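Chain by chain, the residues run as shown.
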Amino acid sequence: MRNENENRNNFIFSTSTKKNMSKISYLYVFCACILFLIFVARLGTPYGYSVIFNLPWHIGFSKVHSIENIYPRYIPNLWGGLGGFDFFFYAPLPFFLSSIANVFCEPCTPSEVFALAGGMLFIASGVTFYILVVRYADPVSAILGAAIYTVGPYHFFGDWLHRQAVGEVTAYVFTPLLLLGLIAILNGGGNARWIFAPAFAGLMMSHIPSALLFVHFVLFFLPTYFLFNKIQLKACIKQSILLLAHLLIGALLSGVYVVPAISLIGDVSPGKLYLPYFNSTRWLFGRSLSVVPNPLTFVGTLVITVTYGIFLFYFSIYFRKNRDVLLLSLCISSIIIILFMTVISYPIWEFWIIRRVQFPFRFIVFLELNFLFLLTNWIAKQRSEGCFRLKSFIVVGLIFACASSGFIFRGAQTAYAGLTTQVSLPNRGAPEYLSPEFSSRLDLERGAIRSNDPSKSTETAINKIVASADGCAKEISRPSGRSREFDISGCKGTAVTLPVQFWRHFQVTVGADAVPARVSSDRGLIRAEYPASAKTLKAYIPILEFERYGKIVSMIGVSIFFSLIIMKRNSPI
């Protein structure tokens, strides 16, 4: 086993060097962050691909998020007011932040509030990257690296402007902390190891595909790290078990979200994702553009990957000469990530669970983290050797410009559209989270409408289904939480079709008495029977069994986590 000096290698700057950072520089950084927030909020939410989901989700989530309903899973105003179950399944963390952002900008439009939340996520990612890299580089280099990471080519131009992939944007906040904790665990201790499990839980509650990809990145990184450090097999097994324990604790902590999401997915329509567009093998680098579902996204991510790949080969040679084992391990594992995104790994993406990630280029989240960590350490090395001159700035600028070139024009278009176009997006959710009964009916209605615009045909079909509900059922107040109450005093007969999307977990009551509820076969809505004397009727989703299990799992994770901190604070685990 290596001693502490060998663990840290020879690239860590002394504490005295870090203390030389002037307080005025931090003030400049703070002012820059405030200006960045104002700029991003004023720009509004870019009209990237997923904005059609993100803004309706943000609006719906914010309306029902409260102290009484701290974790809204059912969003009543989606799908024309028929309701959506999206947050039983979609990672909620970005929308918790966007709901809180309303407090800071009450007069703002939803587009500006969501953009403000995005700006907060970018700044948070820069802070966590600085926390990671300042342990290995001087503060000036660390701040420069954090600034680049905050507006990285894939992070800002690809994820935010082009794709509006807010889940991946949030993942960027936690990945530096995961790398920090990973290094601490493998180095045999340190307080930084305790950040690993909460960071993994945060990643799970931000973007499950990124969490799955992180596990694969660890599988690439560990063998190279063990090999270059010449660690004995027994020590390798021990460290791997410790890392696995921290991973499992992180998974337990996220149980409140993950357990219901995985357990209930069969009760909605996940088959909507089994389309050619989401076939992971069609996105592998090396495939012909004729089979790629979206050539612009493909080329943009390919440009980023090739740019990083070229400089990774240089860094691998540079850090090998400097005998920086950790950085060399990151270089090699990053090159493996690049190979994993190509047709070489076709069988894995075809048959392995990783195919659920849909887009292999999502690995760039970790590729960009590793690359910018390496770049920051290279900058620090140049500064320490007195070689950081104009040519070094040119190199950094060249990397950023080349990597961003694939997305910069499309990003400018979406940003401009977000600033100048005030379009009311339809309040729809994701089709994969519709109940099977409603999804089938919606598909039939859409098929009967002749239109070349899928969005318009969907909106027309939804309006038709909404209109098919019995108009005598009047919603008493704005729906909140998981229940919706209707005045049925004007209805005739003993049955009514409510303007609520059917889901088998709904229950209907009159007063304290449950009444029969079934799907309206021709509409996909709730059809409820009631006594002739009934005046009001309530449809609600009770706390489900798997939700209780999820809370229990999270509590177990919290208990184990804090027990280990208290009991074994100075132990290797």
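Figured I'd write up the structure that's included with this text. Every value quoted in this text rests on a predicted model; they were computed, and no experiment measured them.

1. Notes on unusual backbone geometry
Negative phi is the rule for most residues except glycine; trans is the rule for most peptide bonds.
At step 1: You will see that Trp79, though not glycine, has its phi angle at about 55°, which is positive.
At step 2: Within the secondary structure, Trp79 sits in helix H5 (residues 78–81).
At step 3: Not every positive phi belongs to a glycine, and Lys230 is a case in point at roughly 55°.
At step 4: You can see Lys230 is positioned in the loop between helix H12 (208–229) and helix H13 (233–253).

2. Some thoughts on the sheet that holds strand E1 (residues 474–475)
At step 1: Taken in spatial order, the five strands of this open sheet run E1-E2-E8-E4-E5, and their pairing is antiparallel. This sheet does not close on itself; its edge strands, each paired only once, are E1 and strand E5 (513–515).
At step 2: Across two bridges, the pairing between E1 and strand E2 (residues 483–487) is antiparallel. Across the sheet, residue Glu475 finds its bridge partner in E2, namely Phe486.

3. Regarding the packing of helix H14 (residues 255–263) against helix H23 (residues 545–567)
At step 1: Between H14 and H23, the shortest axis-to-axis distance is 7 Å and the interhelical angle comes to 145°. Helix-helix and strand crossings are classified by hand; for H14 and H23 the assignment is right-handed. Mapping the contact onto sequence places Gly255, Val256, Val259, Pro260 and Ser263 in H14 and Phe546, Glu547, Tyr549, Gly550, Lys551, Val553 and Ser554 in H23.
At step 2: Partitioning the contact of H14 with H23 into residue classes produces six nonpolar, four polar and two charged.

4. Topic: the layout of surface pockets
At step 1: If you add up the space inside the second largest pocket, you get close to 420 Å³.
At step 2: Around the second largest pocket, the lining comprises 14 residues; the ones closest to its centre are Val29, Cys33, Ala146, Ala147 and Thr150.
At step 3: Among the secondary structure elements, those contributing two or more residues to the lining of the second largest pocket are helix H3 (23–43), helix H7 (110–133) and helix H8 (139–150).
At step 4: At five residues, the largest contribution of residues to the lining of the second largest pocket is made by H3.
At step 5: Considered class by class, the residues forming the lining of the second largest pocket number twelve nonpolar, two polar and no charged.

5. A look at the environment of Ile344
At step 1: Its location among the elements puts Ile344 in the loop between helix H16 (325–340) and helix H17 (346–351).
At step 2: Exposure remark for Ile344: the relative accessible area of 66% places this residue in the exposed category.

6. Considering the pattern of salt bridges
At step 1: Summed over all chains, the structure comprises 13 salt bridges.
At step 2: Here Glu459 and Arg428 are joined by a salt bridge, their closest N and O atoms 3.1 Å apart. With Glu459 in helix H22 (residues 454–468) and Arg428 in the loop between helix H20 (408–420) and helix H21 (436–447), this pair connects stretches of sequence that are 31 residues apart.
At step 3: On the basis of relative accessibility, which here comes to 26%, the residue Glu459 falls in the partly exposed class.
At step 4: In the salt-bridge network here, residues are joined through shared partners; they are Asp159, Arg163, Glu168 and Arg362.

7. Concerning the pairing of strand E4 (residues 507–510)
At step 1: Examined bridge by bridge, E4 and strand E8 (residues 536–540) share three bridges and lie antiparallel to one another. What sits directly across from Gln507, in E8, is Tyr540.
At step 2: As defined by bridge partners, E4 adjoins E5 across three bridges and the pair is classed as antiparallel. By the bridge assignment for E5, Thr509 is matched with Ala514.
At step 3: From the end of E4 to the start of E5, which pair antiparallel, there are two residues, and Gly511 there has a positive phi angle of about 65°.

8. Side note on empty space enclosed by the protein
At step 1: Applying the stated rule across the entire model yields one cavity of 30 Å³ or more.
At step 2: The space that makes up the largest cavity amounts to roughly 30 Å³.
At step 3: If you go around the largest cavity, the residues you meet are Ile148, Pro153, Tyr308, Phe371, Leu372, Val396, Ile399 and Phe400.
At step 4: Secondary structure elements with two or more residues in the lining of the largest cavity: helix H18 (364–384) and helix H19 (390–404).
At step 5: In terms of residue count, H19 provides more of the lining of the largest cavity than any other element does, three residues in total.
At step 6: When the residues that make up the lining of the largest cavity are grouped by side-chain class, the tally is eight nonpolar, no polar and no charged.

9. Examining the state of the cysteines
At step 1: Following the criterion strictly, the structure yields two disulfides and no others.
At step 2: Here Cys105 engages in a disulfide with Cys108; their sulfurs sit 1.4 Å apart.
At step 3: Bridging Cys472 to Cys491, the disulfide has an S-S length of 2.1 Å. The disulfide joining Cys472 to Cys491 has a torsion of about 100° about its S-S bond and is therefore right-handed. Of this pair, Cys472 sits in the loop between H22 and E1 while Cys491 is found in the loop between E2 and strand E3 (495–501), placing the two residues 19 residues apart along the sequence.
At step 4: Disulfide connectivity for the protein chain, with bonded cysteines indexed by sequence position, reads 1-2, 3-4.
At step 5: Unpaired in this structure, Cys31 has its nearest cysteine sulfur neighbour in Cys33, at a distance of 9.2 Å.

10. A closer look at helix H4 (residues 51–64)
At step 1: Between its terminal C-alpha atoms H4 stretches 20 Å, which fits the 20 Å expected from 14 residues at 1.5 Å a residue.
At step 2: Burial analysis of H4 places ten of its 14 residues in the buried class, which makes it a mostly covered element.
At step 3: Listing the buried residues of H4 in full gives Val51, Asn54, Leu55, Pro56, Trp57, His58, Gly60, Phe61, Ser62 and Val64.
At step 4: Its buried side turned inward, H4 meets H5, helix H6 (93–101), H7 and helix H10 (166–186).

11. Let's talk about the packing of aromatic side chains
At step 1: Going through the model one piece at a time under the given rule, you end up with 59 aromatic pairs.
At step 2: Taking the centre distance of 6.1 Å and the plane angle of 70° together, the rings of Tyr90 and Phe95 count as edge-to-face. Across the pair, Phe95 and Tyr90 agree in class, each one buried.
At step 3: With centroids separated by 5.3 Å and ring planes inclined at 10°, the aromatic side chains of Phe359 and Phe361 adopt a geometry described as stacked.

Cut-offs used in this document
Residues numbered from 1 in each chain as written. Predicted model: local features only at pLDDT ≥ 70, side-chain atom pairs only at ≥ 80, totals over all residues. Heavy atoms only, no water. Helix = DSSP H or I, 4+ residues; strand = E, 2+ residues; numbered from the N terminus. Pairing = 2+ DSSP bridges. Axes fitted to C-alpha atoms, helices over the stretch in contact; angles between N-to-C directions. Left-handed = near helix turned anticlockwise from the far one by under 90°. Contact = heavy atoms within 4.5 Å. Nonpolar A, V, L, I, M, F, W, Y, C, P; charged D, E, K, R; others polar. 1 Å grid on protein atoms, 1.4 Å probe; cavity = no way out; pocket = protein on both sides within 12 Å on 5 of 7 lines; lining within 4 Å. Points joined across faces, edges and corners; volume = space filled by probe spheres on them. Buried < 20%, exposed > 50% of the residue type's maximum accessible area, 1.4 Å probe, protein only. Salt bridge = Lys/Arg side-chain N within 4 Å of Asp/Glu carboxyl O. Disulfide = S-S within 2.5 Å. Expected span 1.5 Å × (residues − 1). Phe/Tyr/Trp six-rings, centres within 6.5 Å; stacked < 30°, edge-to-face > 60°.

In short, geometric facts, not functional conclusions.
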